[in-house]
Amino acid sequence: MKKTILTAVLALLSGLAMAQTEPGFGIKAGLNYGANGDYFDSAEDAYKSPDGNVGYHVGIFGKFGEQIYFRPELVYTKTKSDYENNSLDMSKLDAPLLIGFNVIGPLTVFAGPSLQYILDTDYDGITFGDVKNDFTVGLNIGAGVNLGKLGIDLRYERGFSENEITAINNNNLLSVDRIDTRPDQLILSLSLKI
């Protein structure tokens, strides 16, 4: 009886392991936690105000290959970053181009560049000059677990190119600040292969 149960469990696990290695397309969504500057300072701010730098994302993905795979994504991302008493809201399109490797069973690791196009920026009480570059490039690196058609992954994203916004006080005073809009965030995603 024990051998029969063990055989059934192993067959189920191998079936799940095979299901996530198959190519396909799907949808994804999740939460982003954006950081500003030093992560230790950002962690202290997150403790004081947990919802301060939380954003979200929704998108689609494709997966091509099995043991080693290519996973392009197209994702709409909304981020929020607190700066002193104001917050910067940003909307962008992200196109991560990930190369991944199935480590063992349902565990996978991946990395690759992320092409980013800034759609809109909003900063409380401040008028913006133009974003220096609407198009930037970053890096995604992370790990995930896939169980059949359902997957969860955690990744770190960092922008390569410096990108700033010039902010001018609404009173048109000569108070000019530069805000670094380069992404620096942790991203938690749920995905469903269709």
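The structure this text deals with has already been given above.
Anyway, here's the lowdown on the structure attached to this text. All values reported here derive from a predicted model rather than from experimental measurement.

Conventions adopted
- Residues numbered from 1 in each chain as written.
- Predicted model: local features only at pLDDT ≥ 70, side-chain atom pairs only at ≥ 80, totals over all residues.
- Heavy atoms only, no water.
- Helix = DSSP H or I, 4+ residues; strand = E, 2+ residues; numbered from the N terminus.
- Buried < 20%, exposed > 50% of the residue type's maximum accessible area, 1.4 Å probe, protein only.
- Contact = heavy atoms within 4.5 Å.
- Areas by Shrake-Rupley, 256 points an atom, 1.4 Å probe, with all protein chains shown as cover.
- 1 Å grid on protein atoms, 1.4 Å probe; cavity = no way out; pocket = protein on both sides within 12 Å on 5 of 7 lines; lining within 4 Å.
- Points joined across faces, edges and corners; volume = space filled by probe spheres on them.
- Nonpolar A, V, L, I, M, F, W, Y, C, P; charged D, E, K, R; others polar.
- Phe/Tyr/Trp six-rings, centres within 6.5 Å; stacked < 30°, edge-to-face > 60°.
- Lys NZ or Arg CZ within 6 Å of the ring centre and 35° of its normal.

A few words on the overall build of the protein chain. Scanning the protein chain from N- to C-terminus turns up 2 helices and 11 strands. If you list the helices and strands of the protein chain from N to C, you get α-β-α-β-β-β-β-β-β-β-β-β-β. Expressed as a percentage of the 194 residues in the protein chain, the buried residues total 37%. Here the analysis covers contacts within the protein chain between residues at least 6 apart in sequence; of these, 63% occur between residues at least 24 apart. When the accessible area of the protein chain is evaluated, it comes to approximately 11200 Å², of which 66% is carbon and sulfur surface.

What the rule picks out here adds up to 3 cavities of 30 Å³ or more. In this model, the largest cavity occupies a volume close to 200 Å³. Lining the largest cavity are 22 residues, and of these Phe61, Arg71, Asn146, Gly151 and Ser191 lie nearest its centre. Counting residues per element, the lining of the largest cavity draws most heavily on strand β8 (residues 150-159), at 5 residues. The residue makeup of the lining of the largest cavity, split by class, is 8 nonpolar, 7 polar and 7 charged. Within this model, the second largest cavity holds a volume of roughly 80 Å³. What lines the second largest cavity is a set of 13 residues, among which Val75, Thr77, Asp94, Arg155 and Ile187 lie closest to the centre.

On to the environment of glycine 151, then. With respect to the helices and strands, glycine 151 occurs in strand β8. Judged by its relative accessible area of 4%, glycine 151 is buried. Residues glycine 151 and serine 189 lie 38 residues apart in sequence; the distance between their C-alpha atoms is 8.1 Å. Leaving out residues up to four positions away in the same chain, glycine 151 has contacts with Val145, Asn146, Ser189, Leu190 and Ser191.

What follows deals with the packing of aromatic side chains. In the structure shown here, the tally under the stated rule is 1 aromatic pair. With a centroid separation of 5.6 Å and 80 degrees between ring planes, the pair formed by phenylalanine 25 and phenylalanine 64 is classed as edge-to-face. Taken together, the residues phenylalanine 25 in strand β1 (residues 24-34) and phenylalanine 64 in strand β2 (residues 54-65) connect sequence positions 39 residues apart. Judged by relative accessible area, phenylalanine 25 falls into the exposed class, the value being 52%. Taking the relative accessible area as the measure of exposure, phenylalanine 64 reaches 39% and is therefore partly exposed. Across the ring face of phenylalanine 61, the terminal group of arginine 71 is positioned such that the distance to the ring centre comes to 3.9 Å.

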